[in-house]
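Report on the structure
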Number of protein chains: 2
Amino acid sequence: MKKFVNDPKDFVAEMLQGLALANPDTLVYVPEYNLIHRSDAPSDERVTIIQGSGSGHEPAHVMTVGPGMLTAACPGDVFAAPPVDYVYETIKRLASSKGVLLIVNNYTGDRMAFEMAQEMASAEGIDVRTLFVDDDVAVQDSLYTVGRRGVAGNFFVMKAVGAAAEAGADLDELVRIGEKVNAATRTMGLALTACTPPSKGTPLFDLEPDKVEFGVGIHGEPGRMRVELASADQMVNDLVEAVATDLQVTGADRLALMINGLGGTPISELYLAYGIAHRAITAGGAQVTRSYVGEYCTSLDMAGLSVTAVRVDEEIEQLLAAPAEIAVRVF
Amino acid sequence: MKKFVNDPKDFVAEMLQGLALANPDTLVYVPEYNLIHRSDAPSDERVTIIQGSGSGHEPAHVMTVGPGMLTAACPGDVFAAPPVDYVYETIKRLASSKGVLLIVNNYTGDRMAFEMAQEMASAEGIDVRTLFVDDDVAVQDSLYTVGRRGVAGNFFVMKAVGAAAEAGADLDELVRIGEKVNAATRTMGLALTACTPPSKGTPLFDLEPDKVEFGVGIHGEPGRMRVELASADQMVNDLVEAVATDLQVTGADRLALMINGLGGTPISELYLAYGIAHRAITAGGAQVTRSYVGEYCTSLDMAGLSVTAVRVDEEIEQLLAAPAEIAVRVF
């Protein structure tokens, strides 16, 4: 295993230590709960927004904490849902009088942890609501999921509700916005290689040199089918077709379009893929009004990418365009 | 070769098409010269800043064009210096009455192209100056270089002169600032794996499963030595020691510290490495006042990272903190 790792058991804790050291003024790290939160939270000026999920998907979600995005994140170990007490403690510590919004990608383990924590916190009088994200069109049920999986499209839900919360919207309004954005969002991904979890030390699944996993999940779950490695044009066009078909894109639509790298694919290839996806999805007259290219929700060092399209209206566009500031910093 | 590529000959052009499609309002793409420039350039309000270099190092430099950073970039093919006429045409098209600043990472091919283009443009009365960047402490001379190589520390030169140019500084002042930042910057990298250029289709060099290249160049050039794969602590501490020794870091120093991913290493590992580097470089009392973690100058899909330290003063800190906006967008 060629990785920057010490003891694999310390992988997540050491990553979070680095994140905290790189952002000493803006983030607070609470090691007991893998908790990263805004240093200016909680605030009764705005609803608290929390997302957990397993680690290994960075920047989601610990590196998307900041003004206009998440209030806090409390990840589990690599590809493991956070324990219930992480979520419960995070809710308790960060609760605002305006309430708490939980965002949960649709995996059985995550749902269980967040639903139990919500119940415990609600019993203590904290106003908690939950948004489930299920943007992945690849498969209906999956290894760790009943219903569709939540993947990179989750970014748009976080961004929209984060912007609204920053502007003072109440909890009902955030739930309305989050459900609206999730309903307008579709994603599908493709793996060129498997990823290697630090504690396993070997690739999570076998993928032949001439094959790709079409519709892969972000934990290496099987997709729709294993197909031949093909040209970028063919692979990306196939992803766009799956997404656009499910979203029922028409020539009248305005869209946000994202190419999300899965961790091991360089940004040069992501931009090349973006060009293909943009041409394909606008061929029938739809307009792309906002573009996103980079890593948003990864699968450790997996080579591959996903395509996300969001049908936007003026409200969603304004929320996506609002300023936000997170740990991943170019400057 | 598992990559998102069509015909390898079109790799750079298709990447630039994607970049332009993702940034229709802010960037202009001129296919004949691989030229990406700010849509609001040239402007006689500010010096024009141009960087070229080979492709394969993205986001450097085509994705670092924008307000507060580069005015334009004109890359060559993957790992190949831009042809002289690309540089010359870019200077001619983007020249400002305040002059043109070229930034060149120190490689023989790049120096040749930029020096010839500068001569041609100067003969036509354009005021052109050049900054050479040579921050890599790994080796004195290298495969493609006499003297030290220019690598990820180049970001700090771009950022500082970009901020000064945006504020209206003249060409002499930009040269002074750029030389000062370059003199205060040191980098060293390490490869866990080789990279695979699209046109070659196989890894650029052989690296045994239990070995790493300590001091690797961003085109796969040999470093100081090939050593055993070790813990993250040991590998990152060794890089920090090389950088800190060369920069002669003392307990009185204020530093900017960067962990730069080489393309195939996920951001989780980069933050883990940042924590190690931060602890190591501050152990003697030096302070880190600005932190950078991510991909700044890559080597296609190479797994690995580099550590950069910059000795900063108030002037450099202010220039680094100034706002800037480039194509790589999280929001």
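The notes below deal with the structure included here. Bear in mind the structure is a predicted one, so any value in this text is a computation, not a measurement.

So, on to the sheet that holds strand β5 (residues 100–105) of chain A. Hydrogen bonds between backbone atoms are what pair the strands of a sheet, whose relative direction is either parallel or antiparallel. Residue and element names in this part refer to chain A. With respect to topology, 6 strands assemble into an open sheet ordered β1-β2-β4-β3-β5-β6, the strand pairing being mixed. Only two strands of the sheet have a single partner each, and these edge strands are β1 (27–30) and β6 (128–133). Sheet strands in contact with helix α2 (residues 84–94) are β1, β2 (35–38), β3 (48–51), β4 (72–73), β5 and β6, and its direction is about 20 degrees off that of β2.

Turning to the interface of chain A and chain B, a few remarks are in order. Contacts between chain A and chain B engage 66 residues on the former and 66 residues on the latter. Taken over both partners, the interface formed by chain A and chain B buries close to 5500 Å², and the fraction arising from carbon and sulfur atoms is 65%. Where chain A touches chain B, the interface holds 2 salt bridges. Across the salt bridge formed by glutamate 269 of chain B and lysine 3 of chain A, the nearest N and O atoms sit 3.2 Å from each other. Where chain A touches chain B, the interface holds 18 residue pairs in polar contact (both at pLDDT 80 or more). For the side of chain A that touches chain B, the secondary structure elements donating two or more residues are α1 (11–22), α4 (154–166), α6 (232–247), α7 (267–282), β11 (287–294) and β12 (304–311) of chain A. Element by element, the count of residues in the side of chain A that touches chain B is highest for α7 of chain A, at 10 residues.

Before going further, it helps to spend a moment on the sheet that holds strand β9 (residues 225–228) of chain B. All names here are of chain B. Spatial ordering of the open sheet is given by β9-β8-β7-β12-β10-β11, a layout of 6 strands whose pairing is mixed. Only two strands of the sheet have a single neighbouring strand rather than two, namely β9 and β11 (287–294). The mean inter-strand angle of the sheet, taken between neighbouring strand axes irrespective of direction, is 20 degrees. For strand β10 (residues 254–261) and strand β12 (residues 304–311), the ladder comprises 7 bridges, and the chain directions are antiparallel. By the bridge assignment for β12, asparagine 260 is matched with serine 306. Contacts from helix α4 (residues 154–166) reach β10, β11 and β12 within the one sheet, and its direction differs from that of β10 by about 120 degrees.

Each regular strand shows side chains that alternate between the opposite faces of the sheet. Residues and elements named next belong to chain A. Here strand β8 (residues 211–214) shows two buried faces, one formed by Lys211 and Glu213 and the other by Val212 and Phe214. Two elements, strand β7 (residues 185–191) and β8, share 2 bridges in a ladder whose sense is antiparallel. Looking across to β8, one finds that leucine 190 is bridged to phenylalanine 214. Note: β8 against strand β9 (residues 225–228), 4 bridges, orientation antiparallel. Looking across to β9, one finds that valine 212 is bridged to valine 227.

What follows deals with the packing of α7 of chain A against helix α1 (residues 11–22) of chain B. Their axes nearest at 7 Å, the elements α7 of chain A and α1 of chain B cross at an angle of 65 degrees. Handedness of the crossing formed by α7 of chain A with α1 of chain B: left-handed. Contacts between α7 of chain A and α1 of chain B involve Ser268, Glu269, Tyr271, Leu272, Tyr274, Gly275, His278 and Arg279 of chain A from the former and Phe11, Glu14, Met15, Gln17, Gly18, Leu19, Leu21 and Ala22 of chain B from the latter. Class assignment for the residues of the contact of α7 of chain A with α1 of chain B results in 8 nonpolar, 5 polar and 3 charged.

Conventions adopted
Residues numbered from 1 in each chain as written. Chains lettered and ligands numbered in written order. Predicted model: local features only at pLDDT ≥ 70, side-chain atom pairs only at ≥ 80, totals over all residues. Heavy atoms only, no water. Pairing = 2+ DSSP bridges. Helix = DSSP H or I, 4+ residues; strand = E, 2+ residues; numbered from the N terminus. Contact = heavy atoms within 4.5 Å. Axes fitted to C-alpha atoms, helices over the stretch in contact; angles between N-to-C directions. Buried area = accessible area lost by both parts, 1.4 Å probe. Salt bridge = Lys/Arg side-chain N within 4 Å of Asp/Glu carboxyl O. Polar contact = N/O pair within 3.5 Å; in protein donor to acceptor, adjacent residues only side chain to side chain. Buried < 20%, exposed > 50% of the residue type's maximum accessible area, 1.4 Å probe, protein only. Left-handed = near helix turned anticlockwise from the far one by under 90°. Nonpolar A, V, L, I, M, F, W, Y, C, P; charged D, E, K, R; others polar.

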